[in-house]
Amino acid sequence: VFEVFVDIAKASPEMLEKLAESGHLDKLLQETNQGDVLVRLNALELLTELASKSHGLDYLEKKGILAKLSSVTINVAKDPLGSLLGPGLLKFFGSMGQTSPQRLLVDYPQVLGFIFECVQDGDSASQAVAVETIGVIGSSVQGKRALQSHGDKMKQYLKTLSQNIQGGRSELRVRSLDALANILHIEDDSCEDIIRLTEQWYNAFGEAPTRLLLGVCKQPFPDLRCSALGVVCEVAHSPSGSGRAGQPPRLPGVPARSLHRVRQGRQGGQVCHCGCARAVSVPTSGVSTSEDWQRIRTAHKEGPVLHRG
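Residues numbered from 1 in each chain as written. Predicted model: local features only at pLDDT ≥ 70, side-chain atom pairs only at ≥ 80, totals over all residues. Heavy atoms only, no water.

1. A closer look at the nonpolar core
Most often, soluble globular proteins have nonpolar side chains that are buried together.
So, point 1. Counting 77 residues, the largest nonpolar core has Leu60, Phe92, Leu112, Ile134, Leu147 and Tyr157 as its most contacted members.
So, point 2. Per-element tally for this core: the top contributor is helix 13 (residues 170-184), with eight residues.
So, point 3. The residues touching leucine 60, leaving out its near neighbours within four places in the chain, are Leu29, Leu47, Leu50, Ala51, Ile65, Leu66 and Phe92. (Core = buried A, V, L, I, M, F, W, Y, C linked by side-chain atoms within 4.5 Å. Buried < 20%, exposed > 50% of the residue type's maximum accessible area, 1.4 Å probe, protein only. Helix = DSSP H or I, 4+ residues; strand = E, 2+ residues; numbered from the N terminus. Contact = heavy atoms within 4.5 Å.)

Right, dumping it as structure tokens:
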């Protein structure tokens, strides 16, 4: 029942107000005080959905839920149920950071600091979610600007992503690649400061980020390769990265690798290869040869599924 209420509340501020007047949302908020950890986790998941809308976030702040969850998050290590609640709390504030990153930075800086700490020192579940959470926050222009103020922590975060991708658990490697793709994603290519910032972050990722990414693209694991290609697509699609796509040594071999499509038991990798071809299918002056670009355009038109041997 609560799921339906939250879906309705997300629709508009007016619908949320009507539900609040009915008292149904108050019952959901009370679930966060239950002793049953499963009940609390379910309530937290629904509040995370509500926090994905700015009017939902305003409502939760008005009801004191943001301050309450902030306190619980900061003191989660002292809670006997902390290891179970931690990932859910991280997801909640990740949703908040995506909706209103400046509010998270200004009003709840300790929470953002805690998320960075979990990337380095959290248990396996919390670390994976924390890695993902920073990526979600950094997917928007406002989020990138909020994270920019944490310069040293962001540099350490990027180094940790590099370490995870090279030698972490399979799931953590995929999540780290997806987080990096979010960090490098540029919503508005007219924001020159954001373009410069993502360039700095890409360079801070490691001494040879290009070599690392292309190495992962060649590994025989579809999920891992697909996520790596997602990062390559973001780099190739960026205003400064379109030059990287065909000019060594910055992203050498991307056009060729975007065309290297082989038959697989599943189509996921082929879709990603096609997406990479799409990202670099618009030529940039001085990049690659006309023959290369013709091959890329052909790959783009053919789509993700091969019909020939």
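2. Re the packing of helix 2 (residues 13-22) against helix 5 (residues 54-62)
So, point 1. Look at helix 2 against helix 5: their axes get within 9 Å of each other, and the N-to-C directions meet at 35°. Taken as a pair, helix 2 and helix 5 cross one another with a handedness that is right-handed. Together, Pro13, Leu16 and Ala20 of helix 2 and His55, Gly56 and Tyr59 of helix 5 make up the contact between the two elements.
So, point 2. Classifying every residue of the contact of helix 2 with helix 5 by side-chain character gives four nonpolar, two polar and no charged. (Axes fitted to C-alpha atoms, helices over the stretch in contact; angles between N-to-C directions. Left-handed = near helix turned anticlockwise from the far one by under 90°. Nonpolar A, V, L, I, M, F, W, Y, C, P; charged D, E, K, R; others polar.)

3. Digging into the side chain of threonine 48
So, point 1. Locating threonine 48 in the fold gives a position in helix 4 (residues 37-50).
So, point 2. Threonine 48 has contacts with Gly88, Lys91, Phe92 and Ser95, leaving out every residue within four places of it along the chain.

4. Brief notes about the confidence of the model for the protein chain
So, point 1. Across the protein chain, the average pLDDT comes to 79, with 77% of residues at or above 70.
So, point 2. Per-residue pLDDT, averaged within each element of the protein chain, yields its smallest value for helix 18 (residues 254-259) (46) and its largest for helix 5 (95).
So, point 3. Every residue in residues 279-290 scores below 50 in pLDDT, and together they form 26 contacts with partners more than four places removed in sequence or on other chains. (pLDDT = per-residue confidence, 0-100.)

5. As for the packing of helix 10 (residues 124-137) against helix 13
So, point 1. Where helix 10 contacts helix 13, the two axes come as close as 7 Å, and the packing angle between them is 15°. Comparing their axes, helix 13 and helix 10 come out roughly parallel. Judged by the sense of rotation from one axis to the other, the crossing of helix 10 with helix 13 is left-handed. On helix 13, the residues that touch Gln127, Ala128, Val129, Val131, Glu132, Ile134, Gly135 and Val136 of helix 10 are Leu172, Arg175, Ser176, Ala179, Asn182 and Ile183.
So, point 2. By residue class, the composition of the contact of helix 10 with helix 13 is eight nonpolar, four polar and two charged. (Parallel < 35°, antiparallel > 145°, perpendicular 65-115°, else oblique.)

6. Side note on helix 10
For the α-helix, the turn length of 3.6 residues means that residues three or four positions removed from each other point alike.
So, point 1. When the terminal C-alpha atoms of helix 10 are compared, their 20 Å separation across 14 residues agrees well with the 20 Å that a helix rising 1.5 Å per residue should span.
So, point 2. Of all 14 residues making up helix 10, ten are buried, and the element is well covered by its neighbours.
So, point 3. Residues Ser126, Gln127, Ala128, Val129, Ala130, Val131, Thr133, Ile134, Gly135 and Ile137 constitute the buried set of helix 10.
So, point 4. Buried residues belonging to helix 10 abut helix 7 (82-99), helix 8 (101-107), helix 9 (109-121), helix 11 (141-148), helix 12 (151-167) and helix 13. (Expected span 1.5 Å × (residues − 1).)

7. Overview of the packing of aromatic side chains
So, point 1. If you walk through the whole model with that rule in mind, you get four aromatic pairs.
So, point 2. Ring geometry for phenylalanine 93 and tyrosine 108: centres 6.5 Å apart, planes at 50°, overall tilted. Of this pair, phenylalanine 93 sits in helix 7 while tyrosine 108 sits in the loop between helix 8 and helix 9, and the two are 15 residues apart along the sequence. There is no split in this pair, since phenylalanine 93 and tyrosine 108 are both buried.
So, point 3. Plain terms: the ring middles of phenylalanine 116 and tyrosine 157 are 6.4 Å apart, the flat faces sit at 85° to each other, and that makes the pair edge-to-face. (Phe/Tyr/Trp six-rings, centres within 6.5 Å; stacked < 30°, edge-to-face > 60°.)

8. Observations regarding the side chain of serine 140
So, point 1. On the secondary structure map, serine 140 appears in the loop between helix 10 and helix 11.
So, point 2. Serine 140 sits in the buried class, given a relative accessible area of 8%.
So, point 3. In this structure the side chain of serine 140 is engaged in a polar contact, spanning 3.0 Å, whose partner is the backbone nitrogen of glycine 143.
So, point 4. The residues touching serine 140, leaving out its near neighbours within four places in the chain, are Pro101 and Glu187. (Polar contact = N/O pair within 3.5 Å; in protein donor to acceptor, adjacent residues only side chain to side chain.)

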